[in-house]
Amino acid sequence: MIKIIPQPKEIVILNDDKIMLKHIALGKSFLSKEAIDDFTSFCGFPKGEENIVFKINDKLSDEEYIIETGKITTITASSSAGQLYALQTLKQIILQTGGELPVLRIYDKPFYKIRGFMLDVGRYFFVVSDVKKIIKRMALHKLNVLHLHLTEDQGWRVEIDKYPLLTQIGSMRKKTNFNSKPHGGFYTKQDIKDIVNYAHAFCIQVMPEFDIPGHSRAAIACYNSLTCFPRDLHVADHWGVKHDVLCVGKEGTMQFVYDVLDEFFEMFPDEYIHIGGDEVPKHRWDLCPDCQAKRRELGLENSDELQFWFMNQIKDYCKAHNRQAFMWSWDLEDDKLIDHDLGFTKCGEMNTLDRPFIDTSTKAYYIDLPYGRIRLKDSANHKVYSGNAMGVEATLWTEYVPDMKKADYMSFPRIGCISETGWSGECSWSSFSSKLDFYYSFLDKNNIRYAKPNAANPNALRGKLGILWFERRQLAWEGLKNIFDDRKIERLAAKQNKKSPRL
Ligand code: ACM
Ligand code: ZN
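Parameters and conventions
- Throughout, residues of each chain are indexed from 1 in the direction in which the sequence is written.
- All chains are assigned letters beginning at A, and all ligands numbers beginning at 1, according to the order in which they are written.
- With pLDDT at 70 or above as the cut-off, local features in this predicted model cover only qualifying residues; side-chain atom pairs require 80 or more to be listed or tallied, and sums for whole chains, interfaces and linings still use all residues.
- Excluding hydrogens and water, the side-chain values take into account all heavy atoms of the structure.
- The rule for donors is simple: an N, O or S atom within 2.8 Å of the metal counts, and for Na, K and Ca the reach is 3.2 Å. Water is not among the atoms, so a site may look short of donors.
- Geometry assignment treats four donors as tetrahedral when all angles are between 85 and 135 degrees, treats four as square planar and six as octahedral when opposite donors are over 155 degrees apart and all others between 65 and 115, and treats everything else as irregular.
- In this scheme, a residue with accessible area under 20% of its type's maximum is buried, one over 50% is exposed, and one in between is partly exposed, where area comes from a 1.4 Å probe on protein chains only.
- Buried Ala, Val, Leu, Ile, Met, Phe, Trp, Tyr and Cys residues form a nonpolar core when they are joined through side-chain atoms within 4.5 Å.
- Counting from the N terminus, the helices are the DSSP runs of H or I reaching at least four residues and the strands are the DSSP runs of E reaching at least two.
- Residues are treated as being in contact if the distance between any of their heavy atoms lies within 4.5 Å.
- In this analysis an axis means a line fitted to C-alpha atoms, helices contributing only their contacting stretch, and an angle means the value between N-to-C directions, from 0 to 180 degrees.
- Orientation is classified from the angle alone, with under 35 degrees giving roughly parallel, over 145 giving roughly antiparallel, 65 to 115 giving roughly perpendicular, and any other angle giving oblique.
- Any residue that is not Ala, Val, Leu, Ile, Met, Phe, Trp, Tyr, Cys, Pro, Asp, Glu, Lys or Arg is counted as polar, Gly included; the first ten are nonpolar and the last four charged.
- Multiply 1.5 Å by the residue count of a helix minus one, and that product is the helix's expected span.

**Student:** Explain the coordination of the zinc ion (ligand 2) here, please?
**Tutor:** Tetrahedral metal sites with four donors have an ideal angle of 109.5 degrees; octahedral sites with six donors have ideal angles of 90 or 180 degrees. Around the zinc ion (ligand 2), the protein contributes the donor atoms Cys 228 (SG), Cys 247 (SG), Cys 288 (SG) and Cys 291 (SG), which lie 2.3 Å from the metal centre. Each of the four donor atoms bound to the zinc ion (ligand 2) contributes to angles spanning 106 to 114°, and the resulting shape is tetrahedral. Spacing between the donor residues of the zinc ion (ligand 2) along the chain follows C-x18-C-x40-C-x2-C. Taking relative accessible area as the criterion, Cys 288 reaches 0% and is therefore assigned buried. When its relative accessible area of 0% is taken as the criterion, Cys 291 is described as buried.

Quick look at the structure:
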């Protein structure tokens, strides 16, 4: 029985013959040099006469493919994506048969349009070579959207010509949750070009995230006037929700947002953009004369409605630049005031959405969470709410993930099941577990670190210990500091109010 992850739509073994592969040479295709080299170096066979050839059939959709093995193996597809995915499937067949191919026909196409991986480079920075490694890991699993979370309280990671301080100051924090060493880094425009080109070589789109109006402390540290009560704030050195967010009542802030978006549009040519929208405390907005004046001018009831207005405005700007915008659904239980063409990355359980969304369930796909919290079985068994789902996304926040070693350990074998749901439309622990041994050997062959079965599906005690280890760090959250800071801002606002009472 041939095992392939994610599961193809149809595999038919045509007879009992075997075809011995002794060499590999690809015929003419749409594939990038990177994708071809990746395949041939994986297989490790010498070159020779063409024995894997590509047929074009325009009736097939972009990502669809057919493989027919034989003395000459034929791959039929209409685009580079279909060809690439056929090669990924062939890799797995070659690995488990040692190159003794069964005579078979595979017909395959994806269930969901979006099969994503989110990398948070805001908390820990990942250098270009690491991002490229992740891109290759994505391609192995037929994932097609790299969601790069580029701006955060703890770091600004991308060069913006108009606001140079963002990277000069905003890319460095004094310490992290893990230790007291400074940490930082950012991508130059050339780095971004390099990443985007490499992603495209593997048929992956890049969805950049500009997380606004919350999670903006790094930007505020560089340009104080972006917030409601400008003061000396440094790049956050500890995670947790920050109360100083962008002031949406100030023209200057809106201009900043549009300026940054303009440079994002130049750097990231693909279809999707993420505009954050998560975890936005309204404490400052409620007290800010500019935000409240804006709210009254717009005839809105409260600061929550002001955020909905803001997200809609930004979405419109993205749409005018031919981008589909997404935001986190996190704390928006009632989404009536958000335009329905603004997509959600849906982390909560709200199953009433009638807008496009990508499933990023905190109970199955938040892969930074310990295996005691999200067991491999949970990732495998998660059912996507059918509604208007465009796809799924493995979501890797990185406050606890300082390097590739940890990123791999948290991601694999989870990505195996998440990709299966994304590609095949469903996965289950019973089907996935029957392929797990093979999957581990595939990860080994690709030098990818992973959690072994006992760690990935821990027993109760081991699971609890993992959670405790994780929570231990959360206890140090800045909660108390926030409470004192809030009181300080309240006194400041009262003083300002006395000086210029509201009309
Ligand atoms: C989120 O978990 N902050 C979207
Ligand atoms: Zn304000």
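The discussion continues.
**Student:** Teacher, can you tell me more about the nonpolar core here?
**Tutor:** If you look at soluble globular proteins, the nonpolar side chains tend to sit buried side by side. One finds Phe 117, Phe 126, Trp 156, Tyr 187, Phe 256, Phe 264 and Ile 314 to be the most contacted residues of the largest nonpolar core, which totals 149 residues. The element that contributes the greatest number of residues to this core is helix H7 (residues 251–267), accounting for nine residues. The residues touching Phe 256, leaving out its near neighbours within four places in the chain, are Trp 156, Tyr 163, Leu 166, Phe 210, Ala 219 and Leu 226. Counting ten residues, the second largest nonpolar core, distinct from the first, contains Trp 239, Tyr 366, Ile 374 and Phe 470.

**Student:** Sorry, what's going on with the packing of helix H1 (residues 33–43) against helix H2 (residues 80–97) here?
**Tutor:** Axes are the key here: two packed helices are described by the angle between their axes and the distance separating the axes. Running from N to C, H1 and H2 cross one another at 5°; their axes reach a closest spacing of 10 Å. By the angle between their axes, H1 is roughly parallel relative to H2. Packed against H1, whose contacting residues are Ala 35, Asp 38, Phe 39, Phe 42 and Cys 43, the element H2 presents Leu 84, Leu 87, Gln 88, Leu 90, Lys 91, Ile 94 and Leu 95 at the interface. Tallied by class, the residues present in the contact of H1 with H2 amount to nine nonpolar, one polar and two charged.

**Student:** So what exactly am I meant to see when it comes to helix H5 (residues 189–201) here?
**Tutor:** Residues lying three or four places apart along an α-helix face the same way, a consequence of the helix completing one turn every 3.6 residues. Counted at 1.5 Å a residue, the expected span for H5 with its 13 residues is 18 Å, and the 18 Å between its end C-alpha atoms agrees. All buried positions along H5 are accounted for by Ile 192, Ile 195, Val 196, Tyr 198, Ala 199 and Ala 201. Among the structural elements, H1, helix H3 (128–140), strand E7 (145–149), strand E12 (205–212) and H7 are those in contact with the buried residues of H5. Two residues or fewer past H5, Cys 203 is found with a positive phi of approximately 55°.

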